[in-house]
Protein chains: 2
Amino acid sequence: MTDRRAAAVEHARANSDRILEELSDFLSIPSISNDPTSESDIDGAANWMADRLRALGLDDVGVLPTGGNPVVYGESLSAGDSAPTVLVYGHYDVQSPSPLKGWDSKPFQATVRGEKLYARGASDNKGQIMACVAAVEAAASAGPLPVNVRFLIEGEEEIGSVNLLDFLRENKSRLGADVVLNPDAGMLGADRPTVYYGLRGMYVCTLRVSGPSRDLHSGGYGGVVHNPIHALSKVIAGMHDCERRVALPSFYDSVRDMTPEERAEMAALPRGDASYLEQSGVPELWGERDYIAAEREGARPALDVIRISGGSTKSAIPIAAEAILTVRLVPDQSPDEVHEQLLRYLESHVPPTVNWEVLDWSGFPASLTDRNSAAVQSLSAAMETVWGRKPVYYRSGGSIAAVGQMQSALGVDSLLTGFSLPDDHVHGPNERIHLPTWRRGIEALVHFLYNMADGAAAQ
Amino acid sequence: MTDRRAAAVEHARANSDRILEELSDFLSIPSISNDPTSESDIDGAANWMADRLRALGLDDVGVLPTGGNPVVYGESLSAGDSAPTVLVYGHYDVQSPSPLKGWDSKPFQATVRGEKLYARGASDNKGQIMACVAAVEAAASAGPLPVNVRFLIEGEEEIGSVNLLDFLRENKSRLGADVVLNPDAGMLGADRPTVYYGLRGMYVCTLRVSGPSRDLHSGGYGGVVHNPIHALSKVIAGMHDCERRVALPSFYDSVRDMTPEERAEMAALPRGDASYLEQSGVPELWGERDYIAAEREGARPALDVIRISGGSTKSAIPIAAEAILTVRLVPDQSPDEVHEQLLRYLESHVPPTVNWEVLDWSGFPASLTDRNSAAVQSLSAAMETVWGRKPVYYRSGGSIAAVGQMQSALGVDSLLTGFSLPDDHVHGPNERIHLPTWRRGIEALVHFLYNMADGAAAQ
């Protein structure tokens, strides 16, 4: 298949500008899943994706209902039973672009400046989906597809893939695959091809602390009743000890230690503390003192309040204050145990001068991938072909609910890749993708498809 | 003047339903000064008030510009130089009605249920202004006004009277008065006529804690950088010690102690801890352990965060978190010294992992009134006439910038009264005024005007 492979790579190179235009069109749809006003844009993005999969020549393309935002599906099984099947997972939904004032160009008007394309979703995840589409298109242009492919593009990744598990269970019989290709991870640098072998899990809840039965005039009641904002602040402050460790009871009991070999590998990564400092813009890094930043990101749990709110500009002691709390989990923590730890912490730390409740909690565990699988080896070789160097193996601090769900519902491992870079401003203003890396990524995916086929043929 | 006084009281009684209708009309204007969208309503309320003062027969009525919302002014000096001059101060602006879901009727559609009239501003302060208007109308209906009166109704009380001081200074020559009648205080109960002799002052600022140069993906940076929400929470938590005292350095150094006599008087007030508990709805009171609630409200300083905000529903470590901080001051604290104390606290308590700044600070000191003045005695006697019992003397925890400003710009003390009750839900949902108390208040103000004249004549 050497000729076909070369022709496919040539096709990818010759058509990358057109693919970029298509991506820009896709990015113009503000398919924000955590903004309840955008239902029509959610449907717009799903239909756009379905049209694109039809143009790719896939069969059984459809926009399939779930309990929430629909899933887009399409497949090509023409490579036959002897060829491997790759299930491409992605998500067409994006995070809110707020704060808008941080953007130098409109978040839903893709803009090229220098070597980068700026837009919400450029990196997370529309650009990555389109790289997969481009690679399959390239392979299809050069002859029969070397592997079977399925595309499953969901619309709720940014809100925790809350309906994906049910969808996967209900459609298990039609979703058989050897591996899930999940391009929602990234690379450590433009010249550092990367294979992610770990992800953190997630626990999320809303913590509400309340006191007065109505907003109270802060003149009449200041110093007389406990302000829920103060009580919540103290509760949050107490969630970390002076060693910057999470202070929930028994929190670290199930945290799996890294091996000395893994720590040595992490220390050698091209992702030192200085790069975290530079890319974050903080005056000084923070976190558990005994671990370097890469370890804290990938292999240590973290508790973060992502939103706090309470009160208004009026001079009142508010009825309540709220925090959205997230915990990034590592093996072998479970969301349920962290929930219990939080409840125990609150029971012993919230004073009787206020009331509290924990609302809307959910979560999923962390995941680790077998680095010796055929899929990992196929991707590693593909990256080495394109970049001329072996990829590094990385544990990401991110959390992708779909990875655990694919494992539990379909029994299929995920291969985590993607061509975003650490300074892509994912979830922040000025999100962008580095176009030379994205183009190399398309080529690497072309090689990956042929490597998968070759590996299967060699068995 | 006994006959005139009786005729005036009779007029007030006979016309209270019409005055109530006028008040309902006034309350329909959402003149919210802390909501920047309401400029036309601010002007609408000012013009409504000016029309009402013209109908009252006052001279020189006008809506006068300031650096912000206009002041409404009108006067009647026909009583002559030998009669006292009373400057009626009030404010036509109101607080935001949020949260709207707490209201049982529309906040800007005055609704009578039982003995109460519900609307934003019913108690604070439109109902009180209209009581003063009704009293002057009643006295004018019975003959020449016994005293000279000036009305000065501002539109920025709820945002700290930020432009009033300049206005007073610029108009000092036309605002001469013997006393300011300020009906922005209230009564301790429907059968407890009350004279306020103290108010707390105010220090307000915005505290901003920032870290990352952009919102950071909380997967990639959770546990690696210091979340500004956590840092701000810890800073706020540290502002009170375990004795519930404010922990800013030297904070209590200039706090004037109460005398044993004053503490005994406060302990005897019809405003025990149980009434604070009942009216606030909190599970347990809170505050400095060595003082009863009435002392903590009126004579002890209090620090309250009235708003905290940071982050969003997206999974990100936000660029910053903010708190609006208020300190209710008591004699002899100054806003400047508290500002310095806050800065010293922040310098020593904010860790180097985040940045901080204090924005938009302002303030004014507390005030105490001479309980033996002619005005206080005139009001006390008027209340005793109407309620049949002597008023109680009370130190309020509220803060009225205008009181200090009237003293410093015009050299005139304020007489603090008003006919709101502790459960009027001032600044909260379902704000209301107790109509029987309000009607008695109008009568008491009629007597006050004649008492002031009689006192001056007796000298």
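Just so we're clear, the structure is a prediction, and the values are computed from it rather than from any experiment. (Residues numbered from 1 in each chain as written. Chains lettered and ligands numbered in written order. Predicted model: local features only at pLDDT ≥ 70, side-chain atom pairs only at ≥ 80, totals over all residues.)

Caption draft 1: Focus on the overall build of chain A. What chain A contains, in helices and strands, is 14 helices and 18 strands. In summary, chain A has a C-alpha radius of gyration of 23 Å against a globular reference of 23 Å for 459 residues, a match within 12%. By its C-alpha atoms, chain A is 80 × 50 × 45 Å across when sized along the principal axes. Taking the contacts inside chain A whose residues are at least 6 apart along the sequence as the reference set, 79% of them involve residues at least 24 apart. (Helix = DSSP H or I, 4+ residues; strand = E, 2+ residues; numbered from the N terminus. Rg over C-alpha atoms; globule rule 2.2 N^0.38 Å. Contact = placed C-beta atoms within 7 Å.)

Caption draft 2: Examining helix 7 (residues 228-237) of chain A more closely. Summarising burial for helix 7 of chain A: 9 of the 10 residues are buried, a large majority. Among the residues making up helix 7 of chain A, those that are buried are P228, I229, H230, A231, L232, S233, K234, V235 and I236 of chain A. Of the surrounding secondary structure, the elements contacted by the buried residues of helix 7 of chain A are strand 9 (201-210), strand 11 (302-311), strand 13 (320-329) and helix 11 (335-349) of chain A together with helix 7 (228-237) and strand 11 (302-311) of chain B. (Buried ≥ 20, exposed ≤ 12 C-beta atoms within 10 Å, placed from the backbone.)

Caption draft 3: How the structure looks around the domain arrangement of chain A. Residue and element names in this part refer to chain A. Taken domain by domain, chain A consists of domain 1 (2-199 + 366-458) and domain 2 (201-255 + 301-364). Contacts between the two partners involve 7 residues from domain 1, matched on the other side by 10 residues from domain 2. Tallied by class, the residues present in the side of domain 1 that touches domain 2 amount to 3 nonpolar, 4 polar and no charged. (Domains from an automatic or database assignment. Nonpolar A, V, L, I, M, F, W, Y, C, P; charged D, E, K, R; others polar.)

Caption draft 4: Expanded view of the relation of the copies chain B and chain A. Superposing chain B onto chain A takes a rotation of 179 degrees combined with a translation of 0.0 Å along the rotation axis, leaving an RMSD of 0.1 Å. What we have between these two chains is a two-fold relation. The share of interface residues of chain B whose copies in chain A are also at the interface is 100%, consistent with both copies meeting through the same surface. (Least-squares fit on C-alpha atoms with pLDDT ≥ 70 in both.)

Caption draft 5: Summary view of the environment of D424 of chain B. Residues and elements named next belong to chain B. Structurally, the position occupied by D424 is in the loop between strand 17 (414-416) and strand 18 (432-434). For D424, a count of 26 C-beta atoms within 10 Å gives the class buried. Residues D424 and D41, spaced 383 residues apart in sequence, show a C-alpha to C-alpha distance of 24 Å. Setting aside residues up to four positions removed in sequence, D424 forms contacts with S123, E431, R432 and I433.

Caption draft 6: Summary view of the packing of helix 1 (residues 2-14) of chain B against helix 4 (residues 126-141) of chain B. Residue and element names in this part refer to chain B. Here helix 1 crosses helix 4 at 130 degrees, and the two axes come no closer than 8 Å. One way to sum up the angle between helix 1 and helix 4 is to call them oblique. Handedness of the helix 1/helix 4 crossing: right-handed. Along the contact surface, helix 1 presents A8, V9, H11 and A12, while helix 4 presents A134, A135, A138, A139 and S141. Class assignment of the residues belonging to the contact of helix 1 with helix 4 gives a composition of 7 nonpolar, 2 polar and no charged. (Axes fitted to C-alpha atoms, helices over the stretch in contact; angles between N-to-C directions. Parallel < 35°, antiparallel > 145°, perpendicular 65-115°, else oblique. Left-handed = near helix turned anticlockwise from the far one by under 90°.)

Caption draft 7: Representation of the sheet that holds strand 4 (residues 111-113) of chain A within the structure. Residue and element names in this part refer to chain A. Pairing within the open sheet is antiparallel, and its 3 strands lie in the order 4-5-18. Here the strands that pair on one side only, and so sit at the sheet edges, are strand 4 and strand 18 (432-434). Direction aside, neighbouring strands of the sheet carry axes that sit 25 degrees apart on average. Taken together, the 3 bridges between strand 4 and strand 5 (residues 116-118) define a ladder with antiparallel strand orientation. Across the sheet, the residue bridging to R113 is K116, located in strand 5. (Pairing = 2+ DSSP bridges.)

Caption draft 8: The confidence of the model for chain A, seen in detail. Averaged over chain A, the pLDDT score is 94; the fraction of residues at 70 or greater is 99%. Quick note on the complex model: pTM equals 0.82, ipTM equals 0.82. (pLDDT = per-residue confidence, 0-100.)

Caption draft 9: Expanded view of the sheet that holds strand 18 of chain B. Residues and elements named next belong to chain B. Taken in spatial order, the 3 strands make up an open sheet running 4-5-18, and their pairing is antiparallel. In this open sheet, the two edge strands, each paired with only one partner strand, are strand 4 (111-113) and strand 18. Taking each pair of neighbouring strands and ignoring which way they run, the sheet shows an average axis angle of 25 degrees.

Caption draft 10: Representation of the nonpolar core in the model. Counting residues in hydrophobic clusters, the biggest one holds 275 residues, and the most contacted among them are A135 and V446 of chain A together with A135 and V446 of chain B. The residues contacting V446 of chain B, other than those within four sequence positions of it, are A8, V9, A12, A135, A138 and A139 of chain B. (Core = buried A, V, L, I, M, F, W, Y, C linked by C-beta atoms within 7 Å.)

Caption draft 11: Layout of the pairing of strand 2 (residues 71-76) of chain B. All names here are of chain B. Extensive coverage of strand 2 is indicated by the burial of 6 of its 6 residues. The side-chain alternation of strand 2 yields two buried faces, one formed by V71, Y73 and E75 and the other by V72, G74 and S76. Pairing of strand 1 (residues 59-64) with strand 2 involves 4 bridges; the strand directions are antiparallel. Looking across to strand 2, one finds that D59 is bridged to E75. From the end of strand 1 to the start of strand 2, which pair antiparallel, there are 6 residues. Inspection of the sheet shows strand 2 paired to strand 6 (residues 148-154) by 5 bridges, in the antiparallel sense. Its bridge partner lying in strand 6, S76 is registered against V149.

Caption draft 12: Inspection of the interface of chain B and chain A at higher detail. Taken together, the contact pairs 76 residues of chain B with 76 residues of chain A. Elements with a contribution of two residues or more to the side of chain B that touches chain A: strand 10 (216-217), helix 6 (218-221), helix 7, helix 9 (273-280), helix 10 (293-298), strand 11, strand 12 (316-317) and strand 13 (320-329) of chain B. When residues of the side of chain B that touches chain A are assigned to their parent elements, the largest contribution, 9 residues, is made by strand 11 of chain B. Looking at the side of chain B that touches chain A residue by residue, the class counts come to 26 nonpolar, 37 polar and 13 charged. Two elements, strand 11 of chain A and strand 11 of chain B, share 5 bridges in a ladder whose sense is antiparallel. For G311 of chain A, the partnering residue across the bridge sits in strand 11 of chain B and is R307 of chain B.

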